[in-house]
Amino acid sequence: MSFFLADVRDGLGPFLGIFLTERAWKPDDIGLVMTAGGLAGLLVTLPAGVMIDATLRKRLWILICCMVITCATLWLWYRPEPVAVTLSQIATGIAAAFIGPALAGITLGITGQAGFNRQIGRNEAFNHAGNMTAAVLAGLASWYSGIGAVFVLMTGMALLTSVAVLAIREQDIDHAVARGLASAHDNTPVPRLSVLAKNPLLLITGLTLLLFHLSNAALLPMLSMRVASATGSVAINPGLYAAATVVISQCVMIPVALYTAARIEQYGYRRLIMLALLVLPFRAAIAAGFAEPLAMIPVQIMDGLAAGILGVALPGYVVSVLKGSGHVNAGQGMIMFMQGAGAAFSPALAGWIATRYSFSVAFSVLGLIALLSLLLWWRAGRERSPA
């Protein structure tokens, strides 16, 4: 499920910027529609986590979300107009907000906390493998048939995701354990958001990840748009370039996710998250200082390192913080809300700077924001953290 879902949950991803750039959209306009989708998802992220805690139909939620994202993306293909594109991104953002908590809930409900870190590491490895496979296929397809082939590929992946979801047996999911409870006999009610808002560890983590994603979310789309908008001696197929950026990072994420899952007990959540945060300022600096297409290789290697660590360490950290509370998926939703807040504004901020100044200036500003997230996490290191 994680393998096939990788190409569905983010919609077109970096290919959206290329698709719209080829239709004479400006970077700031592209950033605004991406931000609209991010904000829509942001508004439902918190209630999505609460609803996933409450529901006994987690598989159904994933199926519905896949259908919504696919239909919205296909509509964008046929109607690349401002209103249609904006509505498509809003629908995609809302549906994607439910997938993260649902996937984490299903995993925890099957494995329990004892096996969660190992399985979430495997989930992430398969997720990155799915992203890499989809990127290779999308790059080749767009090279031969144009960027429209990416839409066909995504539709096929959505159908295969549905098959994988239905292959998971409902009776194998313990929905009480999926909320972080010890057993099905625990009657802890579904949480109120105020309970989560008073948890200092969640708030610090959320603010750190907000700054991280405000810096990180626009980097890959901006790299692709810089190549798509280049003229003169640069003769690179934008779709193939976008695929290469994804493949490089995913190749790194797979072993990093597996290694992180195997070493969490040894190094601890906080140290691993610190390492992931430390990578981003260097990534932004390289993107700002080197405009050559090959500069994206170290940029995306660093992306793979950071994302591979966070994809495993962050969900495990939240489960550890909220162990026994019955609020685990709502807590995951809260962190995703904070991440989404940063990611939603990142494309608009970077697009605005790139249009009025340059891509290098935009990358520099993103790097400064990354330093702020690192400083916040380091300063908060004296706070009590779970073993």
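Residues numbered from 1 in each chain as written. Predicted model: local features only at pLDDT ≥ 70, side-chain atom pairs only at ≥ 80, totals over all residues. Heavy atoms only, no water.

**Some points on the overall build of the protein**
Consideration 1: Along its length, the protein carries 14 helices and 0 strands.
Consideration 2: Element order for the protein, N to C, with α for helix and β for strand: α-α-α-α-α-α-α-α-α-α-α-α-α-α.
Consideration 3: Per-residue burial for the protein yields a buried fraction of 58% across its 387 residues.
Consideration 4: Of the contacts made within the protein by residues no fewer than 6 positions apart, 85% connect residues no fewer than 24 positions apart. (Helix = DSSP H or I, 4+ residues; strand = E, 2+ residues; numbered from the N terminus. Buried < 20%, exposed > 50% of the residue type's maximum accessible area, 1.4 Å probe, protein only. Contact = heavy atoms within 4.5 Å.)

**Some points on helix 4 (residues 58–78)**
Consideration 1: In this model, helix 4 (21 residues) spans 31 Å end to end at C-alpha, consistent with the 30 Å of a helix rising 1.5 Å per residue.
Consideration 2: Taken together, the buried positions of helix 4 are K58, R59, I62, C65, C66, I69, T70, A72, T73 and L76. End-on view of helix 4: buried residues confined to an arc of 170°, all on one side of the axis. Turned more than 90 degrees off the buried face of helix 4, the exposed positions are M67 and Y78. (Expected span 1.5 Å × (residues − 1). Arc of directions from axis to C-beta.)

**Things to note about the pattern of salt bridges**
Consideration 1: In this structure the tally under the stated criterion is 4 salt bridges.
Consideration 2: Close ionic contact of R59 with E170 constitutes a salt bridge, the shortest N to O distance being 2.9 Å. Here R59 is found in helix 4, whereas its partner E170 is found in the loop between helix 6 (149–167) and helix 7 (193–197), with 111 residues between them in sequence.
Consideration 3: Here E81 ties to R79 by a salt bridge, and the two come within 3.0 Å at their closest N and O atoms. (Salt bridge = Lys/Arg side-chain N within 4 Å of Asp/Glu carboxyl O.)

**Let's talk about the confidence of the model for the protein**
Consideration 1: Looking at the protein as a whole, its pLDDT mean stands at 82, while 89% of the residues score no less than 70.
Consideration 2: For the protein, the element scoring lowest by mean pLDDT is helix 7, at 66; helix 1 (residues 2–5) scores highest, at 92. (pLDDT = per-residue confidence, 0-100.)

**Concerning the layout of surface pockets**
Consideration 1: Taken as a whole, the second largest pocket holds about 230 Å³ of empty space.
Consideration 2: In this structure, the second largest pocket is lined by 13 residues; those nearest its centre are M1, S2, Q119, N123 and I168.
Consideration 3: With 9 residues, the single largest contributor to the lining of the second largest pocket is helix 5 (residues 82–145).
Consideration 4: Considered class by class, the residues forming the lining of the second largest pocket number 7 nonpolar, 5 polar and 1 charged. (1 Å grid on protein atoms, 1.4 Å probe; cavity = no way out; pocket = protein on both sides within 12 Å on 5 of 7 lines; lining within 4 Å. Points joined across faces, edges and corners; volume = space filled by probe spheres on them. Nonpolar A, V, L, I, M, F, W, Y, C, P; charged D, E, K, R; others polar.)

**Side note on helix 3 (residues 27–54)**
Consideration 1: In this model, helix 3 (28 residues) spans 40 Å end to end at C-alpha, consistent with the 40 Å of a helix rising 1.5 Å per residue.
Consideration 2: The largest bend in helix 3 comes to about 40°, at T45, with the proline P47 one to four residues further on. (Bend = angle between axes of the 7 residues up to and from the residue.)

**Comments concerning a nonpolar patch on the surface**
Consideration 1: On the surface, L60, I64, M67 and V68 cluster together into a nonpolar patch covering about 340 Å² of accessible area.
Consideration 2: On the secondary structure map, M67 appears in helix 4. (Patch = residues over 30% accessible without salt bridge, like charges linked within 9 Å, V, L, I, M, F, W, Y side chains within 5 Å. Areas by Shrake-Rupley, 256 points an atom, 1.4 Å probe, with all protein chains shown as cover.)

**Some words on the environment of F4**
Consideration 1: For F4, the position within the fold is in helix 1.
Consideration 2: Remark: the alpha-carbon pair of F4 and T133, spanning 129 residues in sequence, is separated by 9.5 Å.
Consideration 3: Not counting chain neighbours up to four residues away, the residues in contact with F4 comprise M157, L160, T161 and A164.

**Here we look at the side chain of T73**
Consideration 1: By secondary structure assignment, the location of T73 is in helix 4.
Consideration 2: Polar side-chain contacts of T73 include one of 2.8 Å to the backbone oxygen of I69.
Consideration 3: For T73, the residues in contact, after removing those within four places along its chain, are G11, L12, S88, T92, F151 and M154. (Polar contact = N/O pair within 3.5 Å; in protein donor to acceptor, adjacent residues only side chain to side chain.)

**Some words on the nonpolar core**
Consideration 1: By size, the foremost hydrophobic cluster in this structure holds 103 residues, and its most contacted members are M1, L20, M222, I273 and F363.
Consideration 2: Ranked by residue count, the leading element in this core is helix 5, at 13 residues.
Consideration 3: Other than its neighbours up to four places away in sequence, M222 contacts P347, A350, G351, A354, F359 and F363.
Consideration 4: A125, A129, M132 and V246 belong to the second largest nonpolar core, which has 8 residues in total. (Core = buried A, V, L, I, M, F, W, Y, C linked by side-chain atoms within 4.5 Å.)

**Examining the packing of aromatic side chains**
A ring pair, where both rings are aromatic, is described by two values, the distance of the centres and the angle of the planes.
Consideration 1: Overall, the coordinates contain 7 aromatic pairs when judged by the stated rule.
Consideration 2: Ring centres of F3 and F4 lie 5.1 Å apart, and the angle between their planes is 90°; on these two criteria the pair is classed as edge-to-face.
Consideration 3: Accessibility expressed as a relative area gives 24% for F3, which makes it partly exposed.
Consideration 4: Taking relative accessible area as the criterion, F4 reaches 24% and is therefore assigned partly exposed.
Consideration 5: Directly above the ring of W377 sits R270, whose terminal nitrogen or CZ lies 4.0 Å from the centroid. (Phe/Tyr/Trp six-rings, centres within 6.5 Å; stacked < 30°, edge-to-face > 60°. Lys NZ or Arg CZ within 6 Å of the ring centre and 35° of its normal.)

**A word on the packing of helix 8 (residues 200–216) against helix 14 (residues 359–379)**
Consideration 1: Put simply, helix 8 and helix 14 touch, their axes get as near as 7 Å, and they point 165° apart. Taken together, helix 8 and helix 14 sit at an angle that is classed as roughly antiparallel. Crossing of helix 8 over helix 14 shows left-handed handedness. Of helix 14, the residues touching helix 8 (which contributes I204, T205, L207, T208, L211, F212, L214 and S215) are L366, G367, I369, A370, L372, S373, L376 and W377.
Consideration 2: Of the residues in the contact of helix 8 with helix 14, the class split is 11 nonpolar, 5 polar and no charged. (Axes fitted to C-alpha atoms, helices over the stretch in contact; angles between N-to-C directions. Parallel < 35°, antiparallel > 145°, perpendicular 65-115°, else oblique. Left-handed = near helix turned anticlockwise from the far one by under 90°.)

**Topic: the packing of helix 4 against helix 6**
Consideration 1: With their axes 10 Å apart at the nearest point, helix 4 and helix 6 run at an angle of 170° to one another. Taken together, the axes of helix 4 and helix 6 are roughly antiparallel relative to one another. In this structure, helix 4 contributes R59, I62, L63, C66, I69, T70, T73, L74, L76 and W77 to the contact, and helix 6 contributes F151, V152, M154, T155, A158, T161, S162, V165 and L166.
Consideration 2: A class-by-class count of the residues in the contact of helix 4 with helix 6 yields 13 nonpolar, 5 polar and 1 charged.

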